[in-house]
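Survey of secondary and tertiary structure
For reference, the chains in residue letters:
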Amino acid sequence: MEKRVSDFRYETGDARIAWAAVGENIRQEEVANILRFLVRPAADRKQEYDAQFERVMAEVRGLLQVGSYQGKLTLGSQVQALEAQVGELLGARYVSFLTNATAGFEIAYQYANLQPGDEVIAPAITFIATIAYPLSIGAKVVLADVDPRTLNMDPRDVARKITPKTKVIVPVHLGGYPVDMDPLMELAARHDLVVLEDAAHAFGAAYKGRMAGTIGHFGAFSFHEVKNITSLGEGGILCTNLDFGQYFPQARFLGVDPSRKIPNWLYDVLALPGKTGPFVPGNHSATEIQAVCLASQMERLKAIIAKREQAARYLDQRFRAVAGILPAPLSDDQVQTTYHLYLLQIDPDQVGADIQALKAKLAERGVVNIPHFAPLYKFAVMQQMGHDTAALQASCPVAEEAFQHRFTHLPLYDFDQQQLQYLADAVIESVQELKAGR
Ligand SMILES: Cc1ncc(COP(=O)(O)O)c(C=O)c1O
């Protein structure tokens, strides 16, 4: 029997009966079912599909005569290779591939030793994931109002809201457009705060020559299926330049450290050194097949962003001709966005109606409710977790006004010219109807 290096994550070394023996591997059935899931039959060509599928599976069986199934399914060489590739792209010292961006946030908050009663400053407009961990442990979420041009966190309002209890600031690069990081980093240095960049939308964005996600102490990116690139539906990257990054493998997997061993066992388990004390991490492991998918999509990242930029610039050029539609924030020589979403804002006075009326008109034209972001104080969980949501709303007048009256997001993806033109026409015609009082 051939000796094999253990496939299990503790790396037990050469063995005739390797650790992988404790789990079932994938087989032909899974390959077939995965393929059937990924490539679906056209409604009217089911028979042809079935025949073609049989031919493909015959080829797969042929492949197996000259190869074998992948043995290692999680946290292996593909994850490592992906992390190296991402580290290179970002210019970050430490990179960890995780289940999702939310898991990355959790590790960063734990590093900050966030405790019940501590304060976190997040922008009023973001997805709940940004603050789920602080809420879950009974920390206090303070919402910063947003910059009316970008709807990103306004650093001046952050400065006003820092207290002795503040521990973490979380700028969110909404739609991929970078937050003004310099003033935030100055504030953080002055008050000894951890800056966690929610870069869920911003993989590939840059701010003054540095990649978004690498400017704060931590940055976390999302590869959920709606993002510009995806690791098969879910996935996240956490990066840091802090020395703490050397613990990323343990932070991802329960503090398990195979480089240390307790007597008669394969590894030790450690609490990790946070900023002011130890903490116990969770399990956020990602899989090899997700890493393969993401590494492959990374090869297309530049082209994907370029295509989205083309679409955004087309919309911008069409909208600029219409009074009452405000210009969207686009890339310039200082900041580069990923064009994850197009920020459409109107001036309700000039249009004679607000964004809700515009959204209704768009819906009539089949441009339906693009998911955009309601201010966090609107959600029941905030009140349930002891926050005074009326006070939070009163402290964020720009966010409230923008949400009620001024903004929505439009999608930006691999549109063909006809779709793009339809989208621009739909917005312009709707605005014109509103102006005419129809
Ligand atoms: C602004 C923002 N932050 C965080 C997340 C969470 O990312 P994930 O789903 O990878 O945890 C999302 C996801 O859509 C998001 O839009």
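Residues numbered from 1 in each chain as written. Predicted model: local features only at pLDDT ≥ 70, side-chain atom pairs only at ≥ 80, totals over all residues.

Glancing now at the packing of helix α10 (residues 301-320) against helix α16 (residues 417-435). When two helices pack together, their arrangement is given by the angle between their axes and by how far apart the axes lie. The interhelical angle for the contact between α10 and α16, taken along N-to-C directions, is 30°, at an axis separation of 10 Å. With respect to α16, the axis of α10 lies roughly parallel. Crossing handedness for the pair α10 and α16: right-handed. Two secondary-structure elements touch here, α10 through Ala-311, Tyr-314, Leu-315, Arg-318 and Phe-319 and α16 through Leu-420, Ala-424, Val-427 and Ile-428. (Axes fitted to C-alpha atoms, helices over the stretch in contact; angles between N-to-C directions. Helix = DSSP H or I, 4+ residues; strand = E, 2+ residues; numbered from the N terminus. Parallel < 35°, antiparallel > 145°, perpendicular 65-115°, else oblique. Left-handed = near helix turned anticlockwise from the far one by under 90°. Contact = placed C-beta atoms within 7 Å.)

Looking now at the sheet that holds strand β17 (residues 335-336). The three strands lie next to each other as β9-β8-β17, forming an open sheet whose pairing is antiparallel. Looking at which strands have only one partner, the edges of the open sheet turn out to be β9 (210-211) and β17. In terms of strand pairing, strand β8 (residues 206-207) meets β17 through two bridges, oriented antiparallel. In the sheet register, Tyr-207 faces β17, and the bridge partner there is Val-335. (Pairing = 2+ DSSP bridges.)

So, about the site of the ligand. Taken together, 14 residues are adjacent to the ligand, and Asn-100, Ala-101, Thr-102, Ala-200 and Ser-222 come closest. Residue composition of the shell around the ligand, grouped by class: five nonpolar, eight polar and one charged. (Near = placed C-beta within 6 Å. Nonpolar A, V, L, I, M, F, W, Y, C, P; charged D, E, K, R; others polar.)

This brings us to unusual backbone geometry. Look at Leu-232: it is not a glycine, yet its phi comes out positive at around 55°. For Leu-232, the position within the fold is in the loop between β10 (218-222) and β11 (236-240). Take Leu-232: there are 18 C-beta atoms within 10 Å of it, and that puts it in the partly exposed class. Its identity is not glycine, yet Leu-254 carries a phi of approximately 60°, on the positive side. Locating Leu-254 in the fold gives a position in the loop between α8 (248-252) and β12 (256-257). (Buried ≥ 20, exposed ≤ 12 C-beta atoms within 10 Å, placed from the backbone.)

If you walk across this open sheet you meet the seven strands as β3-β11-β10-β7-β6-β4-β5, and the pairing is mixed. If you trace the sheet from one side to the other, it starts and ends with β3 (94-98) and β5 (140-144), each paired once. Sheet twist, expressed as the average angle between the axes of neighbouring strands with direction ignored, equals 25°. Pairing between strand β4 (residues 119-123) and strand β6 (residues 166-169): three bridges, direction parallel. Residue pairing across strands places Ile-121 opposite Ile-169, the latter belonging to β6. The strands that helix α3 (residues 77-90) touches are β3 and β11; relative to β3, the one it contacts most, it runs at about 130°.

Residues Ala-108, Val-120, Leu-143, Val-168 and Ala-220 are the most contacted members of the largest nonpolar core, which totals 109 residues. Counting residues per element, this core draws most heavily on helix α4 (residues 101-111), at seven residues. Looking at this core, you find at least three residues from each of domain 2 (77-298) and domain 3 (301-435). In this structure, Val-120 is in contact with Leu-114, Ile-131, Pro-134, Ala-139, Val-141, Val-142, Lys-167, Val-168 and Val-170, ignoring residues within four places of it in sequence. (Core = buried A, V, L, I, M, F, W, Y, C linked by C-beta atoms within 7 Å. Domains from an automatic or database assignment.)

Mapped onto the elements of the fold, Glu-401 is located in helix α15 (residues 397-406). Residue classification places Glu-401 among the partly exposed residues on the basis of 16 C-beta atoms within 10 Å. Sequence separation between Glu-401 and Pro-148 is 253 residues, and the spatial gap between their C-alpha atoms is 9.4 Å.

This part covers the environment of Leu-358. Relative to the assigned elements, Leu-358 resides in helix α12 (residues 355-364). Residue Leu-358 is classed as buried on the basis of its C-beta count, with 24 C-beta atoms lying within 10 Å. Excluding residues that lie within four positions of it along the chain, Leu-358 makes contacts with Ile-346, Ala-353, Ser-430, Val-431 and Leu-434.

Note on placement: Ala-124 falls in the loop between β4 and α5 (132-137). According to the C-beta neighbour criterion, Ala-124 is buried, with 28 such atoms within 10 Å. Expressed as a C-alpha distance, the spacing of Ala-124 and Asp-414, which sit 290 residues apart in the sequence, is 30 Å. Beyond its immediate stretch of four places on either side in the chain, Ala-124 contacts Leu-143, Ala-144, Asp-145, Val-146, Pro-375, Leu-376, Tyr-377, Cys-396 and Ala-399.

Another aspect to go through is the confidence of the model for the protein chain. Across the protein chain, the average pLDDT comes to 94, with 96% of residues at or above 70. When pLDDT is averaged over each element of the protein chain, strand β7 (residues 194-198) comes out on top at 99 and strand β1 (residues 4-5) at the bottom at 53. (pLDDT = per-residue confidence, 0-100.)

This brings us to the pairing of β6. Direction of pairing for β6 relative to β7: parallel, over a ladder of two bridges. Paired with Ile-169 across the strands is Val-195, a residue of β7. A crossover connection joins β6 to the parallel β7 through helix α7 (residues 181-191); in handedness this β-α-β unit is right-handed. (Right-handed = clockwise from strand over helix to strand, strands pointing away.)

Close contact between α3 and helix α9 (residues 288-298) brings their axes to 8 Å; oriented N to C, the two are set at 30°. Between α3 and α9, the interaxial angle falls into the category roughly parallel. As for how α3 packs across α9, the hand of that crossing is left-handed. Of the residues in α9, those in contact with Gln-78, Val-79, Ala-81, Leu-82 and Gln-85 of α3 are Glu-288, Ala-291, Val-292, Leu-294, Ala-295 and Met-298. Here the contact of α3 with α9 is composed, by residue class, of eight nonpolar, two polar and one charged.

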